[in-house]
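Here is how the chains run, residue by residue.
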Amino acid sequence: GVQTCALPIFALWSGGATLLVLVALGATVLAALNDTLARAGVTQLDERVGLVESFLATTEQASRLPPLELYFGGPGSGTFAFLAPEEMEPLRPRDVQPPTDPSADGIAAAWTSDRDVRTETRDGVSWRFLSVVGHQELDLSGIPDGARYVIQVVQDRSSEQRAIELLAFILVLGGVAALLIAGLLGALYAERALVPIREALAGRRTALQRQREFAADASHELRTPLTIIRSGVEHLRRHPERSEEH
């Protein structure tokens, strides 16, 4: 009974310890990947801000405004920009419809801290917004000279989320496989570790069986002489005069 209970307990303990290690490792890997992708995304958006500043510094380019036409790599690139002059509605691309609206909270935060990074989910799509106060002089019709403005560049995070979800799926599959393997190895190890205990218990049972057999044999061998002695003692008790004759 002891060995049959010990085997599943050891296997469960081994599997539980492995599960904890895998969960901690998986969480660490996912957090590291998420941080790396976020840093790379913000770096890309910083580059886009530099492109917008360069665009605004060129009079010929700036004469195309408003509204702003700052798509980088085409509408399918997932990165685009808004220009938000102070106390005015953000300027939008002219020829294409942006897939999402500007982040009003991001623009308001940039006015306070000069820079703001945030993510917002809209209709199931996650967007990253980088809002930075611009430093170029705006020479645009309808905008007061020397007006301050915020450049807000936007990035679709769908590819990041797919990468994280794919890694999470792989980690779950790998974790289940590793857990099964760990449980199997734990059971095999427990099986081998219990061999000496089983042999000792088997030897003890054998010794006890031999003791029982010896006691039974001794009892059988002693039964006849003890019966004779008992009969003699009983006879002497009944006929004490005969003991004197002998």
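Residues numbered from 1 in each chain as written. Predicted model: local features only at pLDDT ≥ 70, side-chain atom pairs only at ≥ 80, totals over all residues. Heavy atoms only, no water.

A. View of the overall build of the protein. Along its length, the protein carries 6 helices and 4 strands. Traced from its N-terminal end to its C-terminal end, the protein shows the element sequence α-α-β-α-β-β-β-α-α-α. A burial count over the protein gives 29% of its 246 residues as buried. Of all intrachain contacts in the protein linking residues separated by at least 6 positions in sequence, the fraction that spans at least 24 positions is 61%. Per element, the accessible surface of the protein, about 16,000 Å² overall, is 60% carbon and sulfur. (Helix = DSSP H or I, 4+ residues; strand = E, 2+ residues; numbered from the N terminus. Buried < 20%, exposed > 50% of the residue type's maximum accessible area, 1.4 Å probe, protein only. Contact = heavy atoms within 4.5 Å. Areas by Shrake-Rupley, 256 points an atom, 1.4 Å probe, with all protein chains shown as cover.)

B. Molecular detail of the side chain of Arg128. Residue position: Arg128 is located in strand β3 (residues 125–133). A polar contact is formed between the side chain of Arg128 and the side chain of Gln155, at a distance of 2.7 Å. There is a polar contact of 2.7 Å between the side chain of Arg128 and the side chain of Glu160. (Polar contact = N/O pair within 3.5 Å; in protein donor to acceptor, adjacent residues only side chain to side chain.)

C. Up close: the sheet that holds strand β4 (residues 149–156). One open sheet holds the 4 strands; their spatial order is β1-β4-β3-β2, and the pairing between them is antiparallel. Of all the strands in the sheet, the pair left with one neighbour each is β1 (79–85) and β2 (115–122). Neighbour-to-neighbour, the strand axes of the sheet open up by a mean angle of 20°, direction not taken into account. Here β1 pairs with β4 via 7 bridges, running antiparallel. Across the sheet, Ala81 pairs through a bridge with Val153, a residue of β4. Against the sheet, helix α3 (residues 104–113) touches β1, β2, β3 and β4, its axis set at about 170° to β2. (Pairing = 2+ DSSP bridges. Axes fitted to C-alpha atoms, helices over the stretch in contact; angles between N-to-C directions.)

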